[in-house]
Structures are given as structure tokens and as C-alpha cells.
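Coordinates in review
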Amino acid sequence: MANRKYIVGNWKMNGLRAQLSDIADIAALAETHEGVDVAICPPVTLIAQAAENTQGFKIGAQDCHFAISGAHTGCLSAEMIREAGATLTILGHSERRTDQHETDAEVKAKAQAAHSAGLGAIICVGETEQERDAGKAIDIVCGQLAGSFPEGADADWLTIAYEPVWAIGTGRVPEVSDVEEMHAAIRSQLAQLMGDGAGAVRILYGGSMNGSNAAQLLAVANVDGGLVGGASLTAEKFGPIIKAAAEA
Ligand code: 13P
């Protein structure tokens, strides 16, 4: 049986209080598509107000620390994020793996911290263009997944997002056959890591997904949803992706 589709907006470092109305519009739109799970991950500064404004809608963070508390200036624990009203967090996004030099081991520890605090975790994996051109994409992605995979994970709280680095914010999207091949490889890697529960873990595609290409991407085997950047910032742009997921 196909997994229920999951469409997540990653706002990255975009959004001031003026954009809270966009989150409310997206939440209202999501309510009209009951067959799809929808979430928005705004900057941390908007989480509390967004969660209060949109009761029952999923609001998430884009990172958390792996420690419960302590001397980590500028960082936020999973418990703080949960208390602010988030129910999930993105982890190991390629922008963090690059800009903050996050390692697989850190991502794994963060996922365990997120789960302990009651947050769902979306672990991101993806290859660079150079790695793809060298024919190493599947090895790289499966290696990241194995290294970042938290112990005792199950589909109730773990989601994987495949985001080819070269497709993020570029308007470039892999061939459908490449998406299919990679998602199948991730599924079998999950089966090795967790056995029977692997089929229920949702695997999202991310990287230049928009209203025009969502239907095609969401129809690919083992693509259980999308992690969307630029096209998630307004209901006008995000709506067609949610609709495509509802119809997939
Ligand atoms: P874009 O949809 O802007 O390419 O970003 C994808 C992404 O990085 C989501 O996490």
C-alpha cells in the first residue's frame, strides 16, 4: 500500500512576522486536502506564533542541537523547539552539512535528541553534482543514510528527504528515472537498517519542486512526498504542489 503523501515547506532563512499570514493561508489550504500531510518549517523566530495561529497544522524547525541543554551559545535544543510548538524538525540539510560542517554522526545524534523530545525528524541526504558525474551518487547517499540513521527509528517519527545538492534552488530536476533509482536504493538501504518497518518510512524528494513538476515527481515509485524550498513561501505557489500530492 502506498504511503500517505507528506509535503513539507522549508522556509530556510526567509520570513518575518509579516509572513505569518502566508503560513495561515497554507494551513487553511492544507485543511482542504485531507489525504495529504502538510508542514511548514519557518525560521525559529516564527514557530511559536505560527503554531498558535494554526492549531492542528504541523509547524517544524530546520535544525536542533543534539544536547539536552548546556554551554552551546546560539543553539536550540529539541525540547525548546518542541515547547515553542513545533512537532518536527528537518536535520542534516545539505546547506547545514556544507555551511556548518555537520557530520553524519551529528545528524544521527540530533535525530535521537529530536525523537526524545517528541519531535518527528526529517533526515536529508543528497549527492553533489561532482559525485553524480563520477557515478557515486547512490553510494554517497546510502552512506549518508547509514551514518545518519538513528537507532530504534520507525516510520512514526522518521522521514528521509533525498535532495540532490545540484537541484536545490537551481531550477534543475533529475530525470525521473534517476529519482526512481535513488528512491529505490534508499528504500533498500532502509530495509537493511531497520528490517520490515522500512516500507512505511516516507521518502521525500527535494530540489526545485514546483507546481509544474510536482505531479510527475510525486508519481514516481517510492516518492512519498516533497521537501520544498522556494515554492513553499506562499499559498499561491505551494497550493498546486499540495493539490498534486492529493491527486497522486
Ligand atoms: P528549493 O525547492 O528552493 O530548490 O529547495 C529545496 C530544499 O532545499 C528544501 O529543503
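This section reports on the structure supplied with the text. Quantities reported herein were computed from a predicted structural model and do not represent experimental measurements. (Residues numbered from 1 in each chain as written. Predicted model: local features only at pLDDT ≥ 70, side-chain atom pairs only at ≥ 80, totals over all residues. Heavy atoms only, no water.)

Regarding the sheet that holds strand S6 (residues 158-162)
Applicable threshold: If DSSP finds at least two bridges between two strands, the strands pair. Each helix is a run of H or I in the DSSP string that is no shorter than four residues. Each strand is a run of E no shorter than two, and both are numbered from the N terminus. The axes used here are C-alpha line fits, helices contributing only the stretch in contact, and every angle between their N-to-C directions lies in the interval 0 to 180 degrees. Two residues form a contact once any of their heavy atoms are found within 4.5 Å.
Strand order in the closed barrel formed by eight strands is S1-S2-S3-S4-S5-S6-S7-S8, with parallel pairing between adjacent strands. Averaged over neighbouring strand pairs, the angle between their axes works out to 25° when direction is ignored. Pairing analysis gives four bridges linking strand S4 (residues 88-91) to strand S5 (residues 120-125), with the strands arranged parallel. Each residue of the ladder has a partner; that of Thr89, found in S5, is Ala121. Packed on one face of the sheet, helix H5 (residues 104-116) meets S4 and S5 and runs near 180° to S4. Helix H7 (residues 137-148) rests against S5 and S6 of the sheet, and its axis sits at about 150° to S5.

Notes on the packing of H5 against H7
Stated formally: Under this scheme an angle from 65 to 115 degrees is roughly perpendicular, one under 35 degrees roughly parallel, and one over 145 degrees roughly antiparallel; angles in between are oblique. Gly falls in the polar group here, along with every residue not listed as nonpolar (Ala, Val, Leu, Ile, Met, Phe, Trp, Tyr, Cys, Pro) or charged (Asp, Glu, Lys, Arg).
With their axes 7 Å apart at the nearest point, H5 and H7 run at an angle of 45° to one another. Comparing the axis directions of H5 and H7 gives the class oblique. Between H5, through Asp104, Ala105, Val107 and Lys108, and H7, the contact on the second element is made entirely by Gly143, Gln144, Gly147 and Ser148. Of the residues in the contact of H5 with H7, the class split is two nonpolar, four polar and two charged.

Describing the site of the ligand
Under the convention used in this document: Proximity is defined per residue: if any heavy atom of the residue lies within 4 Å of a molecule or strand, that residue is considered near it. Any N or O atom pair separated by 3.5 Å or less is treated as a polar contact, with the protein-specific requirement of one donor-capable and one acceptor-capable atom, and with residues adjacent in sequence counted only for side-chain atom pairs. Per-residue and other accessible areas were derived by the Shrake-Rupley procedure at a 1.4 Å probe size, with only the shown protein chains allowed to occlude residues.
The environment of the ligand is formed by 13 residues, the closest being Lys12, His93, Gly169, Ser208 and Gly229. Here an oxygen atom of the ligand and a backbone polar atom of Gly169 are 2.6 Å apart. Gly229 places a polar main-chain atom, nitrogen or oxygen, 2.8 Å from an oxygen atom of the ligand. For the ligand, the accessible surface in isolation is 310 Å², of which the surrounding protein chains cover 94%. Looking at the shell around the ligand, its residues break down into four nonpolar, seven polar and two charged.

Considering the packing of helix H1 (residues 20-31) against helix H10 (residues 235-247)
Just so we agree on the cut-off: Should the near helix be turned counterclockwise from the far one by less than a right angle, the crossing is left-handed, whereas a clockwise turn marks it as right-handed.
Here H1 crosses H10 at 25°, and the two axes come no closer than 10 Å. By the angle class used here, H1 and H10 are roughly parallel. As H1 runs across H10, the sense of the crossing is right-handed. Taken together, the residues of H10 that come into contact with H1 (itself represented by Asp25, Ile26 and Leu29) are Ala235, Phe238, Gly239 and Ile242. Broken down by class, the residue content of the contact of H1 with H10 amounts to five nonpolar, one polar and one charged.

The values are spatial; any link to function lies outside them.
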